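Per-entry structural report
For reference, the chains in residue letters:
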Amino acid sequence: MPSYRFHLVNVFAETPFGGNPLAVFEPADGLDSTTMQAIAAQMNLSETTFVFPATEGGDARVRIFTPGYELPFAGHPVLGTAAVLARLRGLSASVRLEMAAGMFPIVLGEGGYAQLTAKPAQVRPFTGEQDALADMLGLGAGALRDARFVNTGTEQLLIELTSRDAVLACRPSAAGIDTLCRNATGAAMAYVWHVDGTVATVRLFFTHNGQVIEDPGTGSACANLGGWLTSDGRRGLHWRLEQGHALNRPNVLDLEVDAAGVIRVGGRVMPVGSGQIDL
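Just so we're clear, the structure is a prediction, and the values are computed from it rather than from any experiment. (Residues numbered from 1 in each chain as written. Predicted model: local features only at pLDDT ≥ 70, side-chain atom pairs only at ≥ 80, totals over all residues. Heavy atoms only, no water.)

**Observations concerning the overall build of the protein chain**
- On a plain count of helices and strands, the protein chain comes out with six helices and 17 strands.
- For the protein chain, the C-alpha radius of gyration of 18 Å lies close to 19 Å, the compact-globule estimate for 279 residues.
- Taken over the C-alpha atoms alone, the protein chain extends approximately 55 × 40 × 35 Å along its principal axes.
- Counted over contacts in the protein chain with a minimum sequence separation of 6, partners at least 24 positions apart contribute 63%.
- As displayed, the protein chain offers around 11,200 Å² of accessible surface, 50% of which is attributable to carbon and sulfur atoms.
- For the protein chain, the separation between the mean place of its 20 positive charges and that of its 27 negative charges on side chains is 3 Å. (Helix = DSSP H or I, 4+ residues; strand = E, 2+ residues; numbered from the N terminus. Rg over C-alpha atoms; globule rule 2.2 N^0.38 Å. Contact = heavy atoms within 4.5 Å. Areas by Shrake-Rupley, 256 points an atom, 1.4 Å probe, with all protein chains shown as cover. Lys, Arg positive; Asp, Glu negative; His and termini not counted. Charge placed at Lys NZ, Arg CZ, Asp CG, Glu CD.)

Set out below in structure tokens:
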């Protein structure tokens, strides 16, 4: 009976039980796509990663699965996997991971801090009715400022709201997300945000089996927010993103956009434990 060991970490965590949980299976050699999808459903976390030997000059090749489908890129799995590999393999402070969306460099700092560099953004407008988006979120039409699809690795619909209270008041419908928020590959996600000064309050919703799921901490959407800002010509900034309030699971993400428009996303990775699955 083959056994596969996994490592559990919390990403974007400021406390031991904050952040977004991640299971990292390393090594995952011998697992096929169907089995990895089944394992991700069994783990029932936002994402689970599976580590394979590199094929394009990186330190490892990584595949990411939600409980329902595979992702080409996601921020907290990239950061968490890099931290796990650095610890297990004694890697240096720089790790390069091969993803379906390309190669991603990660820098590891003190205190479990990890930071990735995102791909340049592709931005396209939301062409539907913004009033319908506001209604889908359970808000009045005046709560919504703008909406765009942004892709720095995984395309998502980003929705800027007019206040922090509006972000926290969102109660989206699954049918609305499925109808209005599908990206170019068919995945439906809605990321709502509002910034006061340099502190942004954010939430991300997606659907699974007809239900709305909220993600506690979303690095890919943080990178996409950086893409939104660069598309507006806003550079040379450093924001603190706060997520997970409604889940009682605080996440803190760092978003940097440098003067050249390079987007970086970071946060702390805290080890929680490890285990084994027998197949």
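**So, helix H2 (residues 75-89)**
- With 15 residues, H2 should cover 21 Å at 1.5 Å per step; its first-to-last C-alpha distance of 21 Å lies within 8% of that length.
- Counting buried positions along H2 gives twelve out of 15 residues, so the element sits mostly inside the fold.
- For H2, the set of buried residues is Gly75, His76, Pro77, Val78, Leu79, Gly80, Thr81, Ala82, Ala83, Val84, Leu85 and Ala86.
- Looking at the residues trailing H2, positive phi occurs at Gly90, about 65 degrees. (Expected span 1.5 Å × (residues − 1). Buried < 20%, exposed > 50% of the residue type's maximum accessible area, 1.4 Å probe, protein only.)

**What to know about the pairing of strand E10 (residues 144-151)**
- Sheet topology note: the strand E9 (residues 122-125)/E10 ladder contains four bridges and is antiparallel. By the bridge assignment, Val123 is partnered in E10 with Val150.
- As paired strands, E10 and strand E11 (residues 156-161) are joined by six bridges and run antiparallel to one another. Following the sheet pairing, Asp146 is matched in E11 by Glu160.
- Between E10 and E11, which pair antiparallel and follow one another directly, the connecting turn spans four residues, one of which, Gly153, has a positive phi of 155 degrees. (Pairing = 2+ DSSP bridges.)

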